[in-house]
Amino acid sequence: MASSKDYLEYILDQLLGLDEISYRAMMGEYIIYYRGKIVGGIYDDRLLVKPVQSAVDFLPDVKYELPYDGAKKMLLVEEVDNRDFLTGLFNVIFEELPEPKKK
């Protein structure tokens, strides 16, 4: 099942307080970038983030989910209606995210 553009727009609206949020469509889903680093993505209308330790520590109830068959597990973000929580999560995990690969 592909993610809806409406759900993507809702998540992007929740992240309006952050600079340099971008996305890229990929096979019906969306990869989310923060200041050039991949934070996670939207898969089947679920926001999933990379399972870095700072994200595990920040999330109140850690739930691992597969974005798609054959992928590595990611963390499900359930508090998508809380703008402050989402921006806080992205800010907390940014430093721990890997740098983008050079092309």
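Every value quoted in this text rests on a predicted model; they were computed, and no experiment measured them. (Residues numbered from 1 in each chain as written. Predicted model: local features only at pLDDT ≥ 70, side-chain atom pairs only at ≥ 80, totals over all residues. Heavy atoms only, no water.)

1. Some details on the packing of aromatic side chains
And then number 1: Applying the stated criterion across every chain, the model contains five aromatic pairs.
And then number 2: Between Tyr 34 and Phe 90, the aromatic rings sit 6.2 Å apart at their centres with planes inclined by 55°, giving tilted as the arrangement. Of the two residues, Tyr 34 sits in strand β2 (residues 29-34) while Phe 90 sits in helix α3 (residues 83-94), which places them 56 residues apart along the sequence. Each member of the pair, Tyr 34 as well as Phe 90, carries the same accessibility label: buried.
And then number 3: Seen from their ring centres, Tyr 34 and Phe 94 are 5.3 Å apart, and the 70° between their planes marks the pair as edge-to-face. Pair noted here: Tyr 34 is in strand β2 and Phe 94 is in helix α3, with a separation of 60 residues, a long-range link. (Phe/Tyr/Trp six-rings, centres within 6.5 Å; stacked < 30°, edge-to-face > 60°. Helix = DSSP H or I, 4+ residues; strand = E, 2+ residues; numbered from the N terminus. Buried < 20%, exposed > 50% of the residue type's maximum accessible area, 1.4 Å probe, protein only.)

2. Regarding the pairing of strand β4 (residues 46-49)
And then number 1: Of the two faces of β4, the one holding Arg 46 and Leu 48 and the one holding Leu 47 and Val 49 are both buried throughout.
And then number 2: What sits between the antiparallel neighbours strand β3 (residues 37-43) and β4 is a turn of two residues, in which Asp 44 has the positive phi angle 50°.
And then number 3: Pairing of β4 with strand β6 (residues 74-77), which is carried by three bridges, proceeds in the antiparallel orientation. Looking at the pairing, Leu 48 lines up with Leu 76 of β6. (Pairing = 2+ DSSP bridges.)

3. Some remarks on the pattern of salt bridges
And then number 1: Applying the stated rule across the entire model yields five salt bridges.
And then number 2: Taking the shortest distance from any N to any O, the salt bridge between Glu 99 and Lys 37 comes out at 3.4 Å. Of this pair, Glu 99 sits in the segment after α3 while Lys 37 sits in strand β3, and the two are 62 residues apart along the sequence.
And then number 3: The class for Lys 37 is buried, based on a relative accessible area of 4%.
And then number 4: One salt bridge in this structure joins Glu 78 and Lys 63, with 3.1 Å as the shortest N-O distance. With Glu 78 in the loop between β6 and α3 and Lys 63 in the loop between α2 (53-58) and β5 (64-65), the pair connects residues that are 15 residues apart, well separated along the chain.
And then number 5: A network of salt bridges, in which partner residues are shared, links Asp 44, Arg 46 and Glu 65. (Salt bridge = Lys/Arg side-chain N within 4 Å of Asp/Glu carboxyl O.)

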